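Summary of the model geometry
So the chains spell out like this:
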Amino acid sequence: QDVAAPLHTQVDLGCNFFVSAEVPDPRRVFVALGFGFFAELTLPEALRHLERRSSLLQRLSDSLTRDGAKIRAHIRLVLEVTPPPHLATPPHLATPLLPSGHAPNVCPSPRACGSCRGCRSPP
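Residues numbered from 1 in each chain as written. Predicted model: local features only at pLDDT ≥ 70, side-chain atom pairs only at ≥ 80, totals over all residues. Heavy atoms only, no water.

Going by this rule: UniProt positions are given in the numbering used here, feature names are shortened, and annotations may be inferred rather than shown by experiment.
Looking at an unreviewed UniProt entry, one finds the chain named UXT protein, with Vidua macroura as its source organism. Word for word, the UniProt comment on the chain under Sequence similarities (unreviewed entry) is "Belongs to the UXT family."

Here is the structure:
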């Protein structure tokens with residue numbers, strides 16, 4: 001019988017609290033698959049599984065990095081186009097000016113310009 005030497009390792013119990021552990025026969029190991037499921041695999045199977053999982057996580061990380069860069073670019077674009085809040089005019093107060101330079105329906109001196117409603121309306 002070919003029994004491998006015991007494997008000494010540390011196991012994370014959670015919150016970075018590690019305890020020493022000994023695997024008496026390291027030819028087969030348990031690999032966490034997620035959601036509380038484990039698989040008993042041989043060392044070559046475990047290595048192959050972990051390489052594929054590492055590759056998948058790397059692709060996911062790259063995708064999230066690209067998405068984050070796009071979001072940052074959109075935020076910068078909006079910040080460059082939008083004036084600071086203390087300089088911005090609220091949309092309900094922004095009124096287009098008439099050719100005379102007055103806002104429609106608002107004339108500082110009635111009967112003076114003749115182009116706004118206040119100037120044309122009777123006294």
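1. Re the overall build of the chain
Let me state the cut-off plainly: Each helix is a run of H or I in the DSSP string that is no shorter than four residues. Each strand is a run of E no shorter than two, and both are numbered from the N terminus. Whether two residues are in contact is decided by their heavy atoms, any of which lying within 4.5 Å being enough. Per-residue accessibility takes into account occlusion by the displayed protein chains alone, with areas from the Shrake-Rupley method and a 1.4 Å probe.
Scanning the chain from N- to C-terminus turns up two helices and four strands. Element order for the chain, N to C, with α for helix and β for strand: β-β-β-β-α-α. Restricting to contacts in the chain with at least 6 residues of sequence separation, those with at least 24 account for 1%. Entry remark: accessible area of the chain is about 10,500 Å², with carbon and sulfur atoms responsible for 63%.

2. Structural notes on the pattern of salt bridges
So the rule is basically this: The term salt bridge refers to a side-chain nitrogen of Lys or Arg lying within 4 Å of a carboxyl oxygen of Asp or Glu. A simple rule labels every residue: compare its accessible area, found with a 1.4 Å probe on the protein chains alone, to the largest value its type can have, and call it buried under 20%, exposed over 50%, or partly exposed in between.
With the rule as written, the count across this model stands at two salt bridges. For the salt bridge of Asp25 with Arg27, the shortest nitrogen-to-oxygen distance reads 2.9 Å. What makes Arg27 partly exposed here is its relative accessible area of 36%. The salt bridge partner of Glu40 is Arg28, with a shortest N-O separation of 3.4 Å. Of this pair, Glu40 sits in strand 4 (residues 37–42) while Arg28 sits in strand 3 (residues 28–34), and the two are twelve residues apart along the sequence.

3. Topic: the nonpolar core
The cut-off we apply is this: We define a nonpolar core as any set of buried Ala, Val, Leu, Ile, Met, Phe, Trp, Tyr and Cys residues linked to one another through side-chain atoms lying within 4.5 Å.
Of all hydrophobic cores here, the largest spans five residues; its members are Val29, Val31, Ala39, Leu41 and Ala46. Elements with a contribution of two residues or more to this core: strand 3 and strand 4.

4. Quick notes on unusual backbone geometry
Even without glycine at this site, Asn16 takes up a positive phi of about 60°. Position of Asn16 among the secondary structure elements: in the loop between strand 1 (7–12) and strand 2 (18–23). The exposure class of Asn16 is exposed, given its relative accessible area of 63%. Located in the positive-phi region is Phe35, a residue other than glycine, with phi close to 55°. By secondary structure assignment, the location of Phe35 is in the loop between strand 3 and strand 4.

5. Description of the layout of surface pockets
The test is simple: For cavity detection a 1 Å grid was placed over the protein atoms alone, and a set of points counts as a cavity when a 1.4 Å probe fits there but cannot get out; an open set counts as a pocket when protein lies on both sides within 12 Å along at least five of seven lines, with lining residues being those that have an atom within 4 Å of a point. Grid points are joined across faces, edges and corners, and a volume is the space filled by probe spheres set on the points. Here the nonpolar group is Ala, Val, Leu, Ile, Met, Phe, Trp, Tyr, Cys and Pro; Asp, Glu, Lys and Arg are the charged ones; every other residue, Gly included, is treated as polar.
The space that makes up the largest pocket amounts to roughly 240 Å³. Forming the boundary of the largest pocket are Leu7, Thr9, Gln10, Val11, Ala21, Val23, Val29 and Phe30. Of all the secondary structure elements, the ones that give two or more residues to the lining of the largest pocket are strand 1, strand 2 and strand 3. The element that contributes the greatest number of residues to the lining of the largest pocket is strand 1, accounting for four residues. For the lining of the largest pocket, the class distribution of residues is six nonpolar, two polar and no charged.

6. Comments concerning the pairing of strand 1
Going by this rule: By this definition, two strands are paired if DSSP reports at least two bridges between them.
With six bridges connecting them, strand 1 and strand 2 associate as antiparallel partners. By the bridge assignment for strand 2, Leu7 is matched with Val23. Between strand 1 and strand 2, which follow one another and run antiparallel, lie five residues, and Gly14 among them has a positive phi close to 125°.

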